[in-house]
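Residue strings, one per chain:
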Amino acid sequence: MGIAADEQWMRLALDQAELAQAQGEVPVGAVLVQQDEVIGAGFNCPISSHDPTAHAEVVALRQACSATQNYRLPGAVLYVTLEPCLMCAGALVHARIARLVYGTHEPKAGVAHTHPLFDSAWLNHRVNIEGGVLADECAAILSNFFAQRRASVRQQFENSRSS
């Protein structure tokens, strides 16, 4: 796949991130593509679903596995707006995802490049990784979300002090 195709699919992941944001969730989105077709999509929803595993990647994997009736997704490519965490990386390995394409780095908990788990010799499956696709757009939606959240907390604090 070329950069144009990667950007096309990442834009769909960004659409998913916007759905998360609309629900007050951290705006991370993911789409799973196999043979140029979306087989799964998801966005972060651990708060609304009361499920700590409901990260965008896991939601997309669950949908794709249900659609294909297989817990393995050989040849599939996951597009996600944020570098995956340890839990999501493990799920990608178990699902035998062929390729991971992510938008922006996760400087604390990312395990694709920040803390390169996928390079571990003990893993029984290798995932090809491409980072930085539409990185600025993927980072912006997260930055704006957290800036709005901080502003809301400040406003609540100021309102409580003036009452």
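Each remark here, short or long, concerns the structure printed above.
Read on for an overview of the structure.

What counts as what
- Residues numbered from 1 in each chain as written.
- Predicted model: local features only at pLDDT ≥ 70, side-chain atom pairs only at ≥ 80, totals over all residues.
- Heavy atoms only, no water.
- Salt bridge = Lys/Arg side-chain N within 4 Å of Asp/Glu carboxyl O.
- Helix = DSSP H or I, 4+ residues; strand = E, 2+ residues; numbered from the N terminus.
- Buried < 20%, exposed > 50% of the residue type's maximum accessible area, 1.4 Å probe, protein only.
- Contact = heavy atoms within 4.5 Å.
- 1 Å grid on protein atoms, 1.4 Å probe; cavity = no way out; pocket = protein on both sides within 12 Å on 5 of 7 lines; lining within 4 Å.
- Points joined across faces, edges and corners; volume = space filled by probe spheres on them.
- Pairing = 2+ DSSP bridges.
- Axes fitted to C-alpha atoms, helices over the stretch in contact; angles between N-to-C directions.
- Core = buried A, V, L, I, M, F, W, Y, C linked by side-chain atoms within 4.5 Å.

Now for the pattern of salt bridges. What the rule picks out here adds up to three salt bridges. Note that R99 and D6 form a salt bridge whose closest N and O atoms lie 2.8 Å from each other. One end of the pair, R99, is in strand β4 (residues 99-104); the other, D6, is in helix α1 (residues 3-22), and 93 residues separate them in sequence. Note on accessibility: R99 and D6 belong to one class, buried. The partner of E137 in a salt bridge is R11, with the nearest N and O atoms 2.9 Å apart. Here R11 lies in helix α1 and E137 lies in helix α5 (residues 135-162), a separation of 126 residues in the sequence. Taking the relative accessible area as the measure of exposure, E137 reaches 37% and is therefore partly exposed.

The subject of this paragraph is helix α4 (residues 86-95). When we look at burial in α4, the residues that qualify are C88, A89, L92, V93 and A95. Residues of α4 that are buried in the fold lie against α3 (56-68), β3 (77-82) and β4. Looking at the residues trailing α4, positive phi occurs at R96, about 65°.

With that settled, consider unusual backbone geometry. Despite not being glycine, Q35 shows a phi value in the positive range, around 50°. In this structure Q35 comes out as exposed when scored by relative accessible area, which is 77%. The phi dihedral of R96 falls on the positive side, at around 65°, and the residue is not glycine. Mapped onto the elements, R96 comes out in the loop between α4 and β4.

A volume near 380 Å³ is recorded for the largest pocket. In this structure, the largest pocket is lined by 20 residues; those nearest its centre are V26, V28, N44, L82 and E106.

Okay, the sheet that holds β3 next. Overall, mixed pairing links the five strands, which are arranged β2-β1-β3-β4-β5 in an open sheet. The strands lining the two open edges of the sheet, one partner per strand, are β2 (37-43) and β5 (128-131). Taking each pair of neighbouring strands and ignoring which way they run, the sheet shows an average axis angle of 15°. Note: strand β1 (residues 29-34) against β2, six bridges, orientation antiparallel. Its bridge partner being in β2, V31 is matched across the sheet by A41. Sitting on the sheet, α1 touches β1, β2, β3 and β4, and the angle it makes with β1 is about 140°.

Looking now at the environment of V28. Note that V28 resides in the loop between α1 and β1. Leaving out residues up to four positions away in the same chain, V28 has contacts with A17, A20, G42, F43, N44, A56, V80, T81, L82 and L142.

Turning our eyes to something else, we now look at the nonpolar core. Core analysis: the largest hydrophobic core is formed by 28 residues, its most contacted members being L32, L73, L78, I97, L100 and F118. The set of elements that each furnish at least two residues to this core consists of β1, α3, β3, α4 and β4. The element best represented in this core is α3, accounting for five residues. With residues near it in sequence (within four places) discarded, L100 still touches L78, V80, P84, L92, A112, F118, V127, N128, I129 and E130. Grouped together as the second largest cluster of nonpolar side chains are 15 residues, L14, Y79, V101 and I141 included.

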